Amino acid sequence: MKVELENLFSIDESSQDQVIKVYNRFGIFIGAPEIRKRNLKASFNPIFTLNEDVTYEHVAALYKSLERELGIVSIGERFYFDFSDSEYEQAPLFTLNSTGNSPDMFIDDKGTLFSISTHCQHCGLKEKEQLSPLVIDTTEMKDRHLVHVSGYWVASQELVTLMKQENIKGYELLEVIHQGPEEGKQQAFQIIPTQVLPECSTERVKLYFATEQPPCRCGLSGIINGPDIYQCKDVTNLKDDVFFSAEWSHDGRYLYRKTLFSRKFRELIIKNNISREVRGEKDKNFGPKDWLFDPVLLK
Ligand SMILES: [Zn+2]
């Protein structure tokens with residue numbers, strides 16, 4: 001697995017060479033950017049790999065130089081985790097990050113009952129406990145097989161049938177409550193894993209954005225977690241196919257536990273043409289209905 005960082009900012013086209021020189025000085029070798037002109041400014045999106053030679057500390061120092069020498073202050077950042085083919089082939093479990101490169105994979109909650117409590121006084125992250133079935137407008141699912149509703153996965157009847165046929169184990173189903181038009185409504189089911197995985201290895205990569213507020217002391221807000229890393233012995237003899245992670249994730253407001261799926265489940269989705277095989281966000285196969293599974297790494 002390698003960690004890549006993309007920077008996004010605008011520069012005057014005439015200062016392009018100077019910008020590249022500043023990167024080079026910090027040991028980051030980038031080519032001439034693809035220039036997409038808007039007015040007099042050109043957008044600059046270098047992507048480079050972080051490793052022992054180019055650490056995030058180097059990058060933070062680079063940003064200071066770009067500001068001091070060239071007046072570049074507003075730098076967008078985006079991390080990518082790039083897995084090798086053998087990591088895809090060896091992983092017993094996958095984290096499902098997306099069921100489509102499209103906002104349509106998200107469905108709004110229309111009034112599920114939750115009890116809400118504050119998890120962290122400093123950043124205000126909240127815990128929520130679900131007290132009723134999810135309430136959604138199921139017509140919005142259209143022909144999608146799995147949608148995301150505020151931290152939970154909701155499956156179509158067709159996907160549920162397939163999971164039963166193929167003997168996928170380790171979850172319960174809770175039918176959602178439909179709220180919306182009668183025409184086009186459908187049955188849909190929240191997938192609730194019945195088991196929680198052991199804790200991740202402490203060697204998991206943790207990143208933050210140098211251009212934003214420092215991470216909160218709770219270790220959640222402002223932290224970008226790298227891929228899940230597990231001790232080999234903890235995940236090689238699992239009997240089930242669906243699990244919660246032990247660690248919290250959050251959406252900026254609320255905590256939730258990520259759902260992980262077995263290799264068997266991922267293969268089932270691909271074999272049945274529900275999704276093409278996607279290897280990473282930049283894969284050209286990642287279309288509006290393709291599922292993005294990231295492999296867990298083994299220690
Ligand atoms: Zn916090």
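Residues numbered from 1 in each chain as written. Predicted model: local features only at pLDDT ≥ 70, side-chain atom pairs only at ≥ 80, totals over all residues. Heavy atoms only, no water.

This brings us to the side chain of aspartate 228. Checked against the element boundaries, aspartate 228 lands in the loop between strand S16 (224–225) and strand S17 (229–230). In terms of polar contacts, aspartate 228 uses its side chain to reach the side chain of threonine 95, at 2.8 Å. Within the local environment of aspartate 228, its side chain forms a polar contact with the side chain of lysine 258, the two groups lying 3.2 Å apart. In this view, aspartate 228 contacts Thr95, Cys200, Arg204, Lys258, Leu260, Val296 and Leu297; residues no more than four positions away in its chain are not counted. (Helix = DSSP H or I, 4+ residues; strand = E, 2+ residues; numbered from the N terminus. Polar contact = N/O pair within 3.5 Å; in protein donor to acceptor, adjacent residues only side chain to side chain. Contact = heavy atoms within 4.5 Å.)

On to the pattern of salt bridges. Counting across every chain of the model gives 17 salt bridges. The salt bridge involving lysine 2 is made with glutamate 4; its shortest N-O contact spans 3.9 Å. Accessibility expressed as a relative area gives 35% for lysine 2, which makes it partly exposed. Note that glutamate 4 and lysine 282 form a salt bridge whose closest N and O atoms lie 2.6 Å from each other. With glutamate 4 in strand S1 (residues 2–12) and lysine 282 in the loop between helix H6 (263–271) and strand S20 (292–295), this pair connects stretches of sequence that are 278 residues apart. The exposure class of lysine 282 is partly exposed, given its relative accessible area of 47%. Three or more residues joined by partner-sharing salt bridges are found here, namely Asp85, Glu89, Arg266, Glu277 and Arg279. (Salt bridge = Lys/Arg side-chain N within 4 Å of Asp/Glu carboxyl O. Buried < 20%, exposed > 50% of the residue type's maximum accessible area, 1.4 Å probe, protein only.)

Okay, the coordination of the zinc ion next. Each donor-metal-donor angle would ideally measure 109.5 degrees in four-coordinate tetrahedral geometry, or 90 or 180 degrees in six-coordinate octahedral geometry. The protein atoms that coordinate the zinc ion are Cys120 (SG), Cys123 (SG), Cys216 (SG) and Cys218 (SG), at distances of 2.3 Å. Note that the zinc ion binds four donor atoms; their angles at the metal cover 104 to 114°, and the shape is tetrahedral. Ordering the donors of the zinc ion by residue number gives the pattern C-x2-C-x92-C-x1-C. For cysteine 123, a relative accessible area of 31% translates into the label partly exposed. (Donors = N, O, S within 2.8 Å, 3.2 Å for Na, K, Ca; no water. Tetrahedral: all angles 85-135°; square planar, octahedral: opposite > 155°, others 65-115°.)

So, about the sheet that holds strand S12 (residues 171–175). With antiparallel pairing, four strands are arranged side by side in an open sheet as S10-S11-S14-S12. The open sheet is flanked by strand S10 (146–149) and S12, the only strands paired with a single partner. Sheet twist, expressed as the mean angle between neighbouring strand axes with direction ignored, is 35°. Inspection of the sheet shows S10 paired to strand S11 (residues 152–156) by four bridges, in the antiparallel sense. Along S11, the bridge assignment pairs valine 149 with tyrosine 152. Along the sheet face, helix H4 (residues 157–165) touches S10, S11, S12 and strand S14 (188–193) and points at about 90° away from the line of S11. (Pairing = 2+ DSSP bridges. Axes fitted to C-alpha atoms, helices over the stretch in contact; angles between N-to-C directions.)

Right, let's talk about H4 for a bit. By the burial criterion, the buried members of H4 are Leu159, Val160, Leu162 and Met163. For H4, the arc enclosing every buried residue in end-on projection is 160°, short of the 170-degree limit, so these residues lie on one face. Facing away from the buried side of H4, by more than 90 degrees, are the exposed residues Glu158, Lys164 and Gln165. On the buried face of H4, the contacting elements are S10, S11, S12, S14 and H6. Following H4 by one or two positions, asparagine 167 has its phi on the positive side, about 60°. (Arc of directions from axis to C-beta.)

Our focus in this paragraph is the sheet that holds strand S6 (residues 93–98). If you trace the four strands from one edge of the open sheet to the other, you get S18-S19-S6-S20, paired in antiparallel fashion. At either end of the open sheet lies a strand with only one pairing partner, and these are strand S18 (242–250) and S20. Averaged over all adjacent pairs, the angle separating strand axes in this sheet is 40°, with direction ignored. Strand direction decides the pairing type here: S18 and strand S19 (residues 255–262), joined by six bridges, are antiparallel.

Buried residues of H6: Phe265, Arg266, Leu268 and Ile269, and no others. Across the axial projection of H6, the buried residues extend over an arc of 160°, all falling on one side. One or two residues past the end of H6 sits asparagine 273, with phi positive at roughly 60°.

Throughout the structure, instances matching the rule amount to 13 aromatic pairs. Consider the rings of phenylalanine 114 and tyrosine 152, whose centres lie 6.3 Å apart with planes at 10°: the pair is stacked. In this pair, phenylalanine 114 sits in strand S7 (residues 114–118) while tyrosine 152 sits in strand S11, placing the two residues 38 residues apart along the sequence. The structure contains a cluster of three or more aromatic residues connected by ring pairs, namely Phe94, Phe261, Phe265, Trp291 and Phe293. Lying across the ring of tyrosine 254, lysine 128 places its NZ or CZ 4.9 Å from the centre. The lysine or arginine in question, lysine 282, covers the ring of tyrosine 80, its NZ or CZ lying 4.6 Å from the ring centre. (Phe/Tyr/Trp six-rings, centres within 6.5 Å; stacked < 30°, edge-to-face > 60°. Lys NZ or Arg CZ within 6 Å of the ring centre and 35° of its normal.)

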